[in-house]
Amino acid sequence: SQTIHQWPATLVQPVGSPLSLECTVEGTSNPNLYWYRQAAGRGLQLLFYSVGIGQISSEVPQNLSASRPQDRQFILSSKKLLLSDSGFYLCAWSVERGNQPQHFGDGTRLSIL
Amino acid sequence: LAKTTQPISMDSYEGQEVNITCSHNNIATNDYITWYQQFPSQGPRFIIQGYKTKVTNEVASLFIPADRKSSTLSLPRVSLSDTAVYYCLVGDIFTSGTYKYIFGTGTRLKVLA
């Protein structure tokens, strides 16, 4: 069966520090991968998606970037964190063909001080 | 982009059937309707997906009228553990053909003893 892993579960970082969140998927090949952010009490906002290695699309302008160095690895990064980057970050995967549900990891709670 | 409208919150009692209705007036011909459940500090969990008429699985039923402008998630005999936020999603196809969801704020269901 397929599984998705995100780490760390929680992270506290000072303003201006770098960020690297990692997500890996097991049990499937060539998945579509997604990064979402959820503010407290709000819905999920799609940040990035990827349909293959090295292929990244950004949905909203922001202080973050994403990379996909391997087929089942998706990384969310920042060179300098802002206070507004605080939130709950979720990685998700789906099979490559359309109209298929996305499956989410357990998320990373990021607090910027 | 197809958007959805759901009630912000609902209360129910254990053992009752809960119906959550979602409006999606601008649904496109190729769009599927998908429902997710999210507990605090966890990623959303896929519940059910459908295109038209009725879909049923081991946890829920999804009713979709012929015009597909709305859908109703039915949870039979809810328990306290069903207290969560429920999201109704209608997919949108990227130009590349990848499926994308627009997450709203969902419906916060509270099950009372």
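Small disclaimer: the values here were computed from a predicted structure and weren't measured. (Residues numbered from 1 in each chain as written. Chains lettered and ligands numbered in written order. Predicted model: local features only at pLDDT ≥ 70, side-chain atom pairs only at ≥ 80, totals over all residues. Heavy atoms only, no water.)

A. Layout of the side chain of Gln38 of chain B. Relative to the elements of secondary structure, Gln38 of chain B occurs in strand β3 (residues 33-38). A distance of 2.9 Å separates the side chain of Gln38 of chain B from the side chain of Gln38 of chain A, its partner in a polar contact. Aside from chain neighbours lying at most four places away, what touches Gln38 of chain B is Gln38, Leu44, Phe88 and Leu90 of chain A together with Gly43, Pro44, Ala84, Val85 and Tyr87 of chain B. (Helix = DSSP H or I, 4+ residues; strand = E, 2+ residues; numbered from the N terminus. Polar contact = N/O pair within 3.5 Å; in protein donor to acceptor, adjacent residues only side chain to side chain. Contact = heavy atoms within 4.5 Å.)

B. Fine view of the pattern of salt bridges. Residues and elements named next belong to chain A. Taken as a whole and assessed by the stated rule, the structure comprises two salt bridges over all chains. For Arg37, the salt bridge is made with Asp85, and the minimal N-O distance between the two is 3.8 Å. Of this pair, Arg37 sits in strand β4 (residues 32-38) while Asp85 sits in the loop between β8 (73-78) and β9 (87-94); the two residues are 48 residues apart in sequence, bridging distant segments of the chain. On the basis of relative accessibility, which here comes to 16%, the residue Arg37 falls in the buried class. A salt bridge links Asp71 to Arg68, with the nearest nitrogen and oxygen atoms 3.3 Å apart. Exposure remark for Asp71: the relative accessible area of 22% places this residue in the partly exposed category. (Salt bridge = Lys/Arg side-chain N within 4 Å of Asp/Glu carboxyl O. Buried < 20%, exposed > 50% of the residue type's maximum accessible area, 1.4 Å probe, protein only.)

C. Spotlight on the environment of Pro14 of chain A. Residue and element names in this part refer to chain A. Counting through the fold element by element, Pro14 comes out in the loop between β2 (10-13) and β3 (19-26). Sequence-wise, Pro14 and Pro31 are 17 residues apart; in three dimensions their C-alpha atoms are separated by 33 Å. Apart from residues no more than four positions distant in its own chain, Pro14 is found in contact with Leu81, Ile112 and Leu113.

D. Structural context of the state of the cysteines. Within this structure, the stated rule accounts for two disulfides over all chains. Note that Cys23 of chain A is cross-linked by a disulfide to Cys91 of chain A, the S-S spacing being 2.0 Å. As the torsion about the S-S bond is roughly -75°, the Cys23 of chain A-Cys91 of chain A disulfide counts as left-handed. Residue Cys23 of chain A is located in strand β3, and its partner Cys91 of chain A is located in strand β9; the two are separated by 68 residues in the primary sequence. With a relative accessible area of 1%, Cys23 of chain A lands in the buried category. Each sulfur of the disulfide joining Cys22 of chain B and Cys88 of chain B lies 2.2 Å from the other. (Disulfide = S-S within 2.5 Å.)

E. Summary view of the environment of Ser79 of chain B. Residues and elements named next belong to chain B. For Ser79, the position within the fold is in the loop between β7 (70-75) and β8 (84-93). Along the chain, Ser79 and Asn57 lie 22 residues apart, while their C-alpha atoms are 17 Å from each other. If we skip the residues at most four places from it in the chain, Ser79 touches Glu14 and Val111. At 2.9 Å, the side chain of Ser79 and the side chain of Ser81 are in polar contact.

F. Focus on the pairing of strand β5 (residues 44-52) of chain A. Residue and element names in this part refer to chain A. Most of β5 sits out of view: seven of its nine residues are buried. Of the pairings in the sheet, the one linking β4 to β5 comprises six bridges and is antiparallel in character. Across the sheet, the residue bridging to Trp35 is Phe48, located in β5. Hairpin connection between β5 and strand β6 (residues 55-58): a loop of two residues separates the two successive antiparallel strands, and Gly54 in this loop has a positive phi of roughly 75°. (Pairing = 2+ DSSP bridges.)

G. Region of interest: the environment of Arg68 of chain A. Residue and element names in this part refer to chain A. Inspection of the secondary structure assignment puts Arg68 in strand β7 (residues 65-70). Here the alpha-carbon distance between Arg68 and Cys23, two residues 45 residues apart in the chain, equals 9.7 Å. For Arg68, the contacting residues outside a window of four places in its chain are Asn30, Pro31, Asn32, Leu33, Ser50, Val51, Gly52, Ile53, Gly54, Ile56, Gln73 and Phe74. A polar side-chain atom of Arg68 sits 2.7 Å from the main-chain carbonyl oxygen of Pro31.

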